[in-house]
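Structural description and commentary
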Amino acid sequence: KEKEEEEKRRRLALSNCTGLNSGLACGESYNMDGVHIDIGEEKYDAKLVARNLKAIAEARTLVAIVVGLGAGIIGLTGFQGIFLFLAISISFGGVVLLLNMGNDWRPYVESFDLLFRQGLFESLLSFTLFWTLVYNVVHVF
């Protein structure tokens with residue numbers, strides 16, 4: 001019975017958090033399987049933060065694929081394509097993600113630089129794959 005009450009309080013605390021995927025524990029002192037991360041005075045739920053970081057990485061990979069398709073179609077070569085990828089990827093992290101988070105990143109990730117770094121290398125690989133594939137199909141064959 002005591003465990004059921006603890007679970008009920010935990011669910012209530014999670015439902016009171018701001019944001020759909022908020023990683024903040026909202027000042028409550030509950031323990032969700034021992035997965036809190038203390039950062040200063042704020043407590044983050046590691047499972048929710050990991051889910052947010054995974055969503056950022058997946059969205060960045062999707063953007064990288066689209067940019068790779070575009071760079072291949074218009075025929076960019078060398079550093080032009082890399083610069084295009086970096087410019088769009090950084091603007092994606094800075095503009096789209098912050099707008100989606102309501103201009104407040106703190107409830108969703110531990111540090112601001114994660115918005116720019118998370119999934120960057122993986123998305124670079126996806127970008128390169130689609131960029132070279134589409135370039136070869138359109139311009140070489």
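This section reports on the structure supplied with the text.

Calculation notes
Residues numbered from 1 in each chain as written. Predicted model: local features only at pLDDT ≥ 70, side-chain atom pairs only at ≥ 80, totals over all residues. Heavy atoms only, no water. Helix = DSSP H or I, 4+ residues; strand = E, 2+ residues; numbered from the N terminus. Buried < 20%, exposed > 50% of the residue type's maximum accessible area, 1.4 Å probe, protein only. Contact = heavy atoms within 4.5 Å. Areas by Shrake-Rupley, 256 points an atom, 1.4 Å probe, with all protein chains shown as cover. Patch = residues over 30% accessible without salt bridge, like charges linked within 9 Å, V, L, I, M, F, W, Y side chains within 5 Å. Salt bridge = Lys/Arg side-chain N within 4 Å of Asp/Glu carboxyl O. Core = buried A, V, L, I, M, F, W, Y, C linked by side-chain atoms within 4.5 Å. Expected span 1.5 Å × (residues − 1). Axes fitted to C-alpha atoms, helices over the stretch in contact; angles between N-to-C directions. Parallel < 35°, antiparallel > 145°, perpendicular 65-115°, else oblique. Left-handed = near helix turned anticlockwise from the far one by under 90°. Nonpolar A, V, L, I, M, F, W, Y, C, P; charged D, E, K, R; others polar.

**With respect to the overall build of the chain**
- Summing up its helical and strand segments, the chain has five helices and two strands in all.
- Put simply, the chain runs from its N terminus to its C terminus through helices and strands in the order α-β-β-α-α-α-α.
- Put simply, the chain has 141 residues, and 31% of those count as buried.
- Taking as baseline every contact in the chain between residues at least 6 positions apart, the subset at least 24 positions apart corresponds to 64%.
- Entry remark: accessible area of the chain is about 8900 Å², with carbon and sulfur atoms responsible for 62%.

**What to know about a nonpolar patch on the surface**
- Taken together, the side chains of Leu69, Ile73, Ile74, Leu133, Val137, Val138, Val140 and Phe141 present a nonpolar region at the surface, about 810 Å² in accessible area.
- Sorting the residues of the nonpolar patch by element identifies α2 (46-74) and α5 (120-140) as the ones contributing at least two each.
- If you tally residues by element for the nonpolar patch, the top one is α5, at four residues.
- Given the relative accessible area of 51%, isoleucine 73 is considered exposed.

**A word on the nonpolar core**
- Residues Val49, Leu53, Ile56, Phe92, Leu97, Leu98, Met101, Trp105, Tyr108, Val109, Leu114 and Leu115 constitute the largest nonpolar core, which totals twelve residues.
- Elements represented by at least two residues in this core include exactly α2, α3 (79-100) and α4 (114-117).
- Counting seven residues, the second largest nonpolar core, distinct from the first, contains Val67, Ala71, Leu76 and Phe85.

**Overview of α2**
- Here α2 spans 42 Å end to end across 29 residues, near enough to the 42 Å set by a 1.5 Å rise per residue.
- Within two residues after α2, glycine 75 carries a phi angle of roughly 85°, on the positive side.

**Regarding the packing of α2 against α5**
- Where α2 meets α5, the closest approach of the two axes is 7 Å, and the angle between their N-to-C directions is 25°. Judged by the inter-axis angle, α2 sits roughly parallel to α5. Considering the relative orientation of α2 and α5, their crossing is right-handed. For the pair formed by α2 and α5, the contact residues are Arg60, Thr61, Ala64, Ile65, Val67, Gly68, Leu69, Ala71, Gly72, Ile73 and Ile74 on the first element and Leu120, Ser123, Ser126, Phe127, Phe130, Trp131, Val134, Tyr135, Val138 and His139 on the second.
- Of the residues in the contact of α2 with α5, the class split is 14 nonpolar, six polar and one charged.

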